[in-house]
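# Overview (structure and organization)
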Amino acid sequence: MKKKGKTMNNHEETVLNENAVNESEKAQTEETVQNAETNENVEVPTQEEWAEALKKCVEERDTYKDMALRSQAEFANFKRRNATVRTDAYDDGVRETIFAILPIIDNLELAIKHAEQQSDSDAMVEGVKMTLRLLMDAMGKLGLEEVESEGVMFDPEKHNAIMREPGGEADMIAEVFQKGYKVKDKIIRYAMVKVFSGEE
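Below: a short report on this structure. Computed from a predicted structure; not experimentally measured. (Residues numbered from 1 in each chain as written. Predicted model: local features only at pLDDT ≥ 70, side-chain atom pairs only at ≥ 80, totals over all residues. Heavy atoms only, no water.)

What follows deals with the nonpolar core. If you look at the biggest cluster of nonpolar residues, it comprises 17 residues, and the most contacted ones within it are I98, L102, I105, L144 and I188. Within the residue set of this core, elements represented by two or more residues are α2 (47-117), α3 (122-141) and β4 (181-183). When residues in this core are grouped by element, the largest group, 8 residues, is from α2. Counting 5 residues, the second-largest nonpolar core is a separate cluster that includes I173, A191, V193 and V195. (Core = buried A, V, L, I, M, F, W, Y, C linked by side-chain atoms within 4.5 Å. Buried < 20%, exposed > 50% of the residue type's maximum accessible area, 1.4 Å probe, protein only. Helix = DSSP H or I, 4+ residues; strand = E, 2+ residues; numbered from the N terminus.)

Let us now look at the packing of aromatic side chains. Taken as a whole, this structure holds 1 aromatic pair when the rule is applied. Ring geometry for F75 and F78: centres 6.5 Å apart, planes at 25°, overall stacked. A residue pair is termed a helical-turn pair when its members lie 3 or 4 positions apart in one helix, as F75 and F78 do in helix α2 at 3 residues. (Phe/Tyr/Trp six-rings, centres within 6.5 Å; stacked < 30°, edge-to-face > 60°.)

Turning our eyes to something else, we now look at unusual backbone geometry. Despite not being glycine, D171 has its phi angle at roughly 70°, a positive value. Inspection of the secondary structure puts D171 in the loop between β2 (159-165) and β3 (173-178). A relative accessible area of 31% means that D171 is categorised as partly exposed.

To continue, consider the pattern of salt bridges. All told, the structure shown has 10 salt bridges when counted by the stated rule. The closest approach of N and O atoms between D66 and R70, which form a salt bridge, is 2.9 Å. Taken as a pair, D66 and R70 lie in helix α2 at a separation of 4 residues, close to a single helical turn. Between K179 and E109 there is a salt bridge whose closest N-O contact spans 2.9 Å. With K179 in the loop between β3 and β4 and E109 in helix α2, the pair connects residues that are 70 residues apart, well separated along the chain. A relative accessible area of 29% places K179 in the partly exposed class. (Salt bridge = Lys/Arg side-chain N within 4 Å of Asp/Glu carboxyl O.)

Below you can see the structure in the form of structure tokens.
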């Protein structure tokens, strides 16, 4: 009787296992069916939608590329402007320095002129001339140039007329009282001159 009871238990166990397998297969089948139904509900983009999405991506790419190029150009302009500002500041500093030295040049030239008129020692005159030449050479390396004034027509951009003299050719410079100078084509001191009026 014990054997029969044991056999029945094994049979029951087999039936239970088969039922469990069947339930598992059924669940898997239902899940597969549900997944299939879900996949059927997913909308696949049409060719037009893909083309529209691609067009949008290209437009965004072009926008970002344009922004990057603009940023690079603005940075290059910024560097250029800064370089120009530095150069201008340096040039202005040179002009101011030279302008401060111009009275020394004037006095040296006057000393030479008076010494020559007074027939003073040639050695002293030559020494002052050499000093003036050295100074002018040094200033020339910084860009100092004398404004052309003698024997030329009056130019308000370069000359300051403080007197008029009758006769001569109208607006021709008759005499230079004080030399004018420029640094890198920018006037730092106008030449003080006397001009002919052209009238007798």
